[in-house]
Amino acid sequence: MGNAVGIDLGTTNSVIARMEGGEPTVLVNGEGARTTPSVVAFKDDQRLVGQVAKRQAVLNAQGTLFEIKRFMGRTWEEVASEVERAPYEVVKADDGGVRFKVGDDLHSPEEISAMILRKLVADASDQLGEKITEAVITVPAYFNNAQREATQNAGKIAGLEVLRIVNEPTAAALAYGLDKKGSETVLVFDFGGGTFDVSVLEVGEGVFEVRSTHGDTHLGGSDFDYAIVDWLAEDFQKEYGVDLKKDKQALQRMIEAAEKAKIELSGLPETTISLPFIAMDPGSNAPLYLEKKLTRSTFEDLIAPLLKRLRKPVEDALSDADIAKGDVDEVILVGGSTRVPAVKDVVQEMLGKAPNQSVNPDEVVALGAAIQAGVLKGDVEDIVLLDVTPLSLGVETKGGVFTTLIERNTTVPVRKTETFTTADANQTGVEVHVLQGERSMARENKSLGKFKLEEIPPMPAGMPQIEITYDIDANGVLNVSAREKSTGKEASITIQNTTTLAEDEVERMVQDAERHADEDAKFREVAEARNAADSMRTQAQKILDETESATDDQKQPLQEAIDETAKAVDDPNVEKDRYEELTQALAEALQTFQAATAPAEDEAETADAEATEATSEGDEDDVVDADFKPAG
Ligand code: AMP
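Below: a short report on this structure. Quick caveat, the model's predicted, so the values are computed rather than measured. (Residues numbered from 1 in each chain as written. Predicted model: local features only at pLDDT ≥ 70, side-chain atom pairs only at ≥ 80, totals over all residues. Heavy atoms only, no water.)

1. Considering the overall build of the protein chain
Where we set the bar: Secondary structure is summarised from DSSP: a helix means a run of H or I of at least four residues, a strand means a run of E of at least two, and numbering begins at the N terminus for each. When accessible area is computed with a 1.4 Å probe and restricted to protein chains, residues below 20% of their type maximum are described as buried, those above 50% as exposed, and intermediate ones as partly exposed. Residues are treated as being in contact if the distance between any of their heavy atoms lies within 4.5 Å.
The helix and strand inventory of the protein chain stands at 16 helices and 30 strands. The dimensions of the protein chain, computed from C-alpha atoms along their principal axes, are 105 × 65 × 55 Å. In the protein chain, which comprises 632 residues, the share counted as buried stands at 55%. Pairs at least 24 apart in sequence give 67% of the contacts found in the protein chain among residues at least 6 apart.

Next comes the structure, spelled out in structure tokens:
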């Protein structure tokens, strides 16, 4: 048996597991607990990790770091709301990321996460009597590339070889052993301390296929805690005129008490929150007590707006997977917050069936990660994992149009090839601009990279056959290649992690596309009409230039129509109808011109070949932005 482990590096708690006798098993920590709080504290030159760190948090509010996962791989600008909420000090780093300031020391999120990983691994190694060096670490499905990299780096800092970063819902489905059943549609409802993920998986015959994923990276059980804290603080302020949230120690104590009350309310109809000596009376300087009864129904009122936010991601995940709620065979609950009865009610009501909770929701992800580690080490066989593209992938074509090659939510691995051509005569290069998104306008989508295909032999516009291939492998790595068919000349680019995007980013881009659907349709129509006018203009100019026998009188009307079209093509305010008129007028002028000059046709053809040769040299390095278009 290998010594590779699976680690759920959670926002609130972390869990480590490994395969033992063919079964995934949680490894207990040094304190004998199966979950370890993801908390690190610095106190009197001492570093504390886990339960001991959590326990002293009240007395050391500024030196205790928790919910670090929210900061992993994120920029300062992205974490404004987290920074505001944190009782510890967060500062902007020179690289645009964040650092935690404790005393005079600055710590990165990766370093803090590495401290948590180190404890998990050290405790597990002690227990097993052998050193653990390899791990599979899980992340929320929508962690973007930077967040995944940060997690991988945390593993490296902790001295681990990270075998793979695995999505949490996939790990959960693995732990449920659903692959051993027949084909099923599974909805994974993962509601932990800091994140909420909904995934629809298609499972069967050893294959896990993630059909869709949605969620909310800013919604977790800690928001329930903060809702209680706000309620406590508001009442306290009304009664005593003291804002407890301004006092970092009082805030930390309230957060802890709120979480405890919340957990109690999962089993009891009411509880009492009691915080002695929480503040001093500003008038009398006497100590103030906070004591309040919280019933489950008041708690449910407090979290009602948060519960409401659970709905849309579920609806979106179903609709993206193209299924109705009745098509879901199994609902799996993951994360401690699914223990809240009101959360279970929402799930049951929305999906019309009781969720499966037979595996402990706190441990299920780590158990699945252990199975994945087993798969990678060859201890577990017959499981294949598939993911989907969260957004459409395509290329920028003439007129700034986004042309899709792979639709969003396509299962990976996937390979798609389409043929494009040049927009201008004798064009010797094209720039392939790879984008991701749902908008018709390329500039509104996310740019993933650009590369050039050069040394295309000079040919008339529309002649070269440029095959563009998008190839996404099982890890979400996209390889885009362009090949000019007559010469076999190729160029390509590799883009990492196209299947992993921040949930809010995907959400925003999809919503943007919906909101701008009409505008985009119009943009596309105008672009198409403009492209048609422009290619008619190029063609007409070429014929005109090559018809040497034509008289000035014959040339003039056609040249005028060409010039007028050229002017319109450069004008961004011209409408579709106007382009169509110009194309029509140009076609007529060209027809008249050709009829008048018809006897000279043979000579023109010879001239054509010569002209091509003559211009080709000068155009050698002429690579033009998006000057290519779908062929045919
Ligand atoms: P996880 O990220 O899966 O470790 O989930 C942690 C979150 O679950 C924290 O916000 C906990 O307060 C919450 N949690 C754990 N147990 C319970 C419970 N019995 N009832 C309600 N919330 C819980």
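2. Examining the site of the ligand
Selection rule: We define proximity as follows: a residue is near a molecule or strand when any one of its heavy atoms falls within 4 Å of that partner. N or O atoms within 3.5 Å of each other form a polar contact, as long as, within protein, one can give a hydrogen and the other can take it, and as long as residues adjacent in sequence are counted only when both atoms are side-chain atoms. All accessibility values rest on the Shrake-Rupley procedure with a 1.4 Å probe; residue burial counts only the protein chains present in the view. Cavity: a set of points on a 1 Å grid over the protein atoms alone where a 1.4 Å probe fits but cannot get out. Pocket: an open set with protein on both sides within 12 Å along at least five of seven lines, its lining residues, like those of a cavity, having an atom within 4 Å of a point. A pocket or cavity is taken to hold a molecule when more than half of that molecule's atoms are within 2 Å of the pocket's grid points. Gly is placed with the polar residues, together with every amino acid not listed as nonpolar (Ala, Val, Leu, Ile, Met, Phe, Trp, Tyr, Cys and Pro) or charged (Asp, Glu, Lys and Arg). Residue ranges assigned to the domains are those given by an automatic or database domain assignment.
Surveying the vicinity of the ligand reveals 15 residues, the closest of which are Gly193, Glu259, Lys262, Ser266 and Gly336. Between the ligand and glycine 336, the relevant distance is 3.0 Å, taken from an oxygen atom to a main-chain nitrogen or oxygen of the residue. Within the contact set of the ligand, an oxygen atom lies 3.2 Å away from a backbone nitrogen or oxygen of serine 337. In the complex, 88% of the free accessible area of the ligand, which totals 500 Å², lies under the protein chains. Its atoms largely coinciding with the cavity grid, the ligand occupies the largest pocket. Counting only elements with at least two residues in the shell around the ligand, the list comes to α6 (221–240) and α7 (248–265). Element by element, the count of residues in the shell around the ligand is highest for α7, at three residues. Residues of the shell around the ligand, tallied by class, amount to two nonpolar, ten polar and three charged. When residues of the shell around the ligand are assigned to domains, at least three map to each of domain 1 (4–219 + 309–387) and domain 2 (221–306).

3. Focus on the pairing of strand β13 (residues 184–191)
How we decide: For two strands to be treated as a pair, DSSP must find at least two bridges joining them.
Buried residues dominate β13, accounting for eight of its eight residues. The two faces of β13 match: Glu184, Val186, Val188 and Asp190 on one face and Thr185, Leu187, Phe189 and Phe191 on the other face are all buried. Taken together, the five bridges between β13 and strand β18 (residues 330–334) define a ladder with parallel strand orientation. Counted as the bridge partner of valine 186 is glutamate 330 from β18.

4. Things to note about the sheet that holds strand β8 (residues 89–92)
The line we're drawing: What counts as an axis is a line fitted to C-alpha atoms, over the stretch in contact for a helix, and the angles between N-to-C directions run from 0 to 180 degrees.
Pairing is antiparallel across the open sheet formed by three strands, whose spatial order is β8-β9-β10. Two strands in the sheet have a free side with no partner beyond their single neighbour: β8 and β10 (105–107). Adjacent strand axes in the sheet meet at a mean angle of 40°, parallel and antiparallel pairs treated alike. The sheet contact formed by strand β9 (residues 98–102) and β10 spans three bridges and is antiparallel. Paired with valine 102 across the strands is aspartate 105, a residue of β10. Where helix α3 (residues 109–128) meets the sheet, its contacts fall on β9 and β10, and the angle it forms with β10 comes to roughly 80°.

5. Considering the layout of surface pockets
How we decide: Grid points are joined across faces, edges and corners, and a volume is the space filled by probe spheres set on the points.
If you add up the space inside the largest pocket, you get close to 960 Å³. Lining the largest pocket are 45 residues, and of these Thr12, Asn13, Gly193, Glu259 and Gly336 lie nearest its centre. Of all the secondary structure elements, the ones that give two or more residues to the lining of the largest pocket are β2 (13–20), α1 (51–55), β7 (64–66), α6 and α7. Sort the elements by how many residues they give to the lining of the largest pocket and α7 lands first, with six residues. Its residues placed into classes, the lining of the largest pocket shows twelve nonpolar, 20 polar and 13 charged.

6. Observations concerning the sheet that holds strand β23 (residues 414–422)
The five strands are arranged β28-β27-β26-β23-β30 in an open sheet whose pairing can be described as antiparallel. Of all strands in the sheet, those with a lone pairing partner are β28 (490–495) and β30 (628–630), marking the two edges. Between one strand and the next, the sheet's axes are offset by a mean angle of 25°, whatever the strand orientation. Where strand β26 (residues 466–472) meets strand β27 (residues 478–484), seven bridges bridge the pair, whose relative direction is antiparallel. Considered in β27, the bridge of isoleucine 472 is made with leucine 478.

7. Some remarks on the pattern of salt bridges
Basically, it comes down to this: Any carboxyl oxygen of Asp or Glu that lies within 4 Å of a side-chain nitrogen of Lys or Arg is treated as forming a salt bridge with it.
Summed over the entire model, instances satisfying the criterion amount to 42 salt bridges. Among the salt bridges present, the one from aspartate 243 reaches lysine 246, with a minimum N-O distance of 3.8 Å. Taking the relative accessible area as the measure of exposure, aspartate 243 reaches 25% and is therefore partly exposed. Judged by relative accessible area, lysine 246 falls into the exposed class, the value being 69%. Through salt bridges with shared partners, one network takes in Arg439, Arg443, Glu444, Glu519 and Asp520.

8. Some thoughts on the environment of threonine 411
Of note, threonine 411 is situated in strand β22 (residues 411–412). Residue classification places threonine 411 among the partly exposed positions, given a relative accessible area of 24%. For the pair threonine 411 and serine 481, spaced 70 residues apart in the sequence, the C-alpha separation amounts to 20 Å.

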